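Observations on the three-dimensional arrangement
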Amino acid sequence: MSAAPRVDLCREATPAAVCADFARRFVDALLDCQTAGRVASVALTGGSVAEDAYRAVLDVPQHRRVDWAAIDVWWGDERFLAASDPDRNAVQARRALLDHLPFAPERVHEMPASDGERGVDLDAAAAAYGATMRALGSGGFDVVLLGMGPDGHVASLFPGYPQLDVDDEIAVGVRNSPKPPPDRISLTFAALERAREVWFLVTGEAKAEAVKRALTPGMDFRAVPAARPRGRERTVWLLDEAAASLV
Ligand code: 6PG
């Protein structure tokens, strides 16, 4: 009988300390995979906290020991914008981390971008990303990183949206997102949960109620999407005191 997956709440005084804690953990997790002789597979997220967290990785001395070319990089969601749009999660991650380290281009799997002129179809783009993951993925992730909105959304899975109940696809298109931009691609819960570890990166008073609700046993994930994704081995909440103030 395998042990129940762990849920760890890791509190830091400030958002900067949360980002530094993330960075140390992230480097350690990658080194653990590589010590075990495995290509690490990670799913990144977007948002302001994530960008600061990515930048902090470069300040971790041990990051120089990581074989960055032996890491598969995926995204949990993406804003459906032109590939070079600064609001793209991939553009943000490249600006903060990927462009500063020797990742292997063929192992960095951005979600499709919209191409305004030809009107790339959002649903087809989501399906294409699922096909890419089936073809090139390892069948799961070592770490899925998730931010969380004040409404409890994770990736681009928003409260009450139909995508919350799609469990037979890897990725889905999302229209009329309550968080701009309106059109997005998101991994489904089924894909996000193929993770050894899920890490939530959440700071600020505005998210304290959503953190409390997400950690409430039996909470309906359709009301609070963050209540659902859990790692098969471990779930880690990386929180500052403000976001953790109600738990
Ligand atoms: C996005 C993200 C989204 C984000 C949360 C938290 O595309 O915006 O994927 O899920 O992680 O909204 O964003 P903040 O960290 O900026 O609050």
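Note that the structure is predicted; figures quoted are calculated from it, not measured.

1. Things to note about the site of the ligand
Close contacts around the ligand come from 15 residues, with Ser48, Asp77, His153, Ala155 and Lys207 the closest. A distance of 3.2 Å separates an oxygen atom of the ligand from a polar side-chain atom of Asn89. Contact between the ligand and Lys179: an oxygen atom at 2.7 Å from a side-chain N or O atom of the residue. Secondary structure elements with two or more residues in the shell around the ligand: helix H2 (48–57) and strand E4 (77–79). The residue inventory of the shell around the ligand, partitioned by class, reads 3 nonpolar, 7 polar and 5 charged.

2. Some words on the nonpolar core
Grouped together as the largest cluster of nonpolar side chains are 79 residues, with contacts concentrated most on Phe22, Trp75 and Leu187. Setting aside anything within four residues of it in sequence, one finds Phe22 in contact with Ala53, Tyr54, Val57, Leu145, Trp199, Leu201 and Leu238.

3. Overview of the pattern of salt bridges
Summed over the entire model, instances satisfying the criterion amount to 23 salt bridges. Residues Glu51 and Arg55 are paired through a salt bridge, measuring 2.8 Å at the closest nitrogen-oxygen approach. Of this pair, Glu51 and Arg55 both sit in helix H2, 4 residues apart, which is roughly one turn of that helix. Each member of the salt-bridge network shares a partner with another, and the members are Glu78, Arg88, Arg94, Asp99 and Glu110.

4. So, the pairing of strand E8 (residues 195–202)
In terms of residue burial, E8 counts as a mostly covered element, since 7 of its 8 residues are buried. In this structure, strand E5 (residues 141–146) lies alongside E8, joined through 5 bridges in parallel fashion. Within E8, the position partnered with Val144 by the bridge is Val198. Strand direction decides the pairing type here: E8 and strand E9 (residues 234–240), joined by 6 bridges, are parallel. Within the sheet, the bridge partner assigned to Trp199 lies in E9 and is Val236. Taken together, E8, helix H6 (residues 208–214) and E9 constitute a β-α-β crossover, and its handedness is right-handed.

Calculation criteria
- Residues numbered from 1 in each chain as written.
- Predicted model: local features only at pLDDT ≥ 70, side-chain atom pairs only at ≥ 80, totals over all residues.
- Heavy atoms only, no water.
- Near = heavy atom within 4 Å.
- Polar contact = N/O pair within 3.5 Å; in protein donor to acceptor, adjacent residues only side chain to side chain.
- Helix = DSSP H or I, 4+ residues; strand = E, 2+ residues; numbered from the N terminus.
- Nonpolar A, V, L, I, M, F, W, Y, C, P; charged D, E, K, R; others polar.
- Core = buried A, V, L, I, M, F, W, Y, C linked by side-chain atoms within 4.5 Å.
- Buried < 20%, exposed > 50% of the residue type's maximum accessible area, 1.4 Å probe, protein only.
- Contact = heavy atoms within 4.5 Å.
- Salt bridge = Lys/Arg side-chain N within 4 Å of Asp/Glu carboxyl O.
- Pairing = 2+ DSSP bridges.
- Right-handed = clockwise from strand over helix to strand, strands pointing away.

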